[in-house]
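# Coordinate analysis (summary)
Single-letter residue listing:
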Amino acid sequence: ELLPNASIVHDRFHVSQYLGKAVDKVRRGENREKMGDGDETLKGTKYLWLSNPKNWDAKQKRMYRSLKNEDLKVGRAFAMKESFRKFWDFLYKGAAENFQQRWHFWATHSRLKPFIEATFCVEISEPVMPLPLWIDPSAYRPRCSTDLMT
């Protein structure tokens with residue numbers, strides 16, 4: 001309705017969904033590697049990485065504190081996912097553009113294949129402010145794999 005020429009509009013919920021699926025793919029791959037080595041570090045942590053830290057109970061907070069100092073791929077993916085939440089709070093186009101460019105560089109250079117693929121779901125042709133503060137319908141054309149979009 002607001003963007004009649006856009007094929008797909010990415011709102012904060014869809015972007016969160018793409019990034020959440022990418023974090024889970026990273027977690028599954030890393031867990032598979034660790035379990036193959038007999039390491040159960042990530043066992044039972046799926047919902048920790050997929051949920052909002054604001055909604056964590058005491059057990060999840062303790063679990064996160066014990067895992068955050070480990071060198072985990074899923075920890076990096078989680079940090080990128082959580083960092084992107086800030087994008088929706090910008091009020092000025094220039095600040096949003098700067099954030100988006102820095103975040104996109106960080107994500108695409110993360111060496112985490114599922115996360116790199118997910119960044120193309122949230123990549124837009126030119127940095128824009130979150131809807132509805134500033135709208136450019138031509139900017140919303142996803143270039144991501146279809147398995148992240150379903």
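Structure shown above.
Here goes a summary of the coordinates provided. Treat the numbers as computed from the prediction; the structure is a model and nothing was measured.

## Considerations on the overall build of the chain
Along the backbone of the chain there are seven helices and zero strands. Ordered by position from N to C terminus, the α and β elements of the chain give α-α-α-α-α-α-α. A total of 150 residues make up the chain; the buried ones form 39% of that total. The contacts of the chain with a sequence gap of at least 6 include a subset with a gap of at least 24, amounting to 62%. When the accessible area of the chain is evaluated, it comes to approximately 9000 Å², of which 52% is carbon and sulfur surface.

## Quick look at the pattern of salt bridges
Side chains carrying opposite charge are able to pair once their charged atoms draw close together. Using the criterion set out here, one finds seven salt bridges in the structure. The residue D24 makes a salt bridge to R27 at a minimum N-O spacing of 2.9 Å. Of this pair, D24 and R27 are both found in helix α1 (residues 12-36), three residues apart, which corresponds to roughly one turn of the helix. Between K81 and E82 there is a salt bridge, and its shortest N-O distance comes to 3.2 Å. In this pair, the class of K81 matches that of E82, namely buried. Linked by salt bridges that have partners in common, D24, R27 and R28 make up one network.

## Focus: the layout of surface pockets
Vacant regions in the atomic arrangement are exposed by a probe of water-molecule size rolled over the atoms. Here the largest pocket defines a volume of roughly 300 Å³. For the largest pocket, the lining is made up of 15 residues, of which R12, S16, N52, R85 and W88 are closest to its centre. Elements with a contribution of two residues or more to the lining of the largest pocket: α1 and α4 (73-84). Looking at the lining of the largest pocket element by element, the count peaks at five residues for α1. Within the lining of the largest pocket, the residues separate by chemical class into six nonpolar, two polar and seven charged.

## Observations concerning the packing of α1 against α4
Put simply, α1 and α4 touch, their axes get as near as 8 Å, and they point 170° apart. Of the possible angle classes, the one that applies to α1 and α4 is roughly antiparallel. Contacts between α1 and α4 involve V15, L19, G20, V23, V26, R27, E30 and E33 on the former and, on the latter, K73, V74, A77, F78, K81 and F84. A per-class count over the contact of α1 with α4 returns eight nonpolar, one polar and five charged.

Definitions and cut-offs
- Residues numbered from 1 in each chain as written.
- Predicted model: local features only at pLDDT ≥ 70, side-chain atom pairs only at ≥ 80, totals over all residues.
- Heavy atoms only, no water.
- Helix = DSSP H or I, 4+ residues; strand = E, 2+ residues; numbered from the N terminus.
- Buried < 20%, exposed > 50% of the residue type's maximum accessible area, 1.4 Å probe, protein only.
- Contact = heavy atoms within 4.5 Å.
- Areas by Shrake-Rupley, 256 points an atom, 1.4 Å probe, with all protein chains shown as cover.
- Salt bridge = Lys/Arg side-chain N within 4 Å of Asp/Glu carboxyl O.
- 1 Å grid on protein atoms, 1.4 Å probe; cavity = no way out; pocket = protein on both sides within 12 Å on 5 of 7 lines; lining within 4 Å.
- Points joined across faces, edges and corners; volume = space filled by probe spheres on them.
- Nonpolar A, V, L, I, M, F, W, Y, C, P; charged D, E, K, R; others polar.
- Axes fitted to C-alpha atoms, helices over the stretch in contact; angles between N-to-C directions.
- Parallel < 35°, antiparallel > 145°, perpendicular 65-115°, else oblique.

Just geometry here; none of it tells us what the structure is for.
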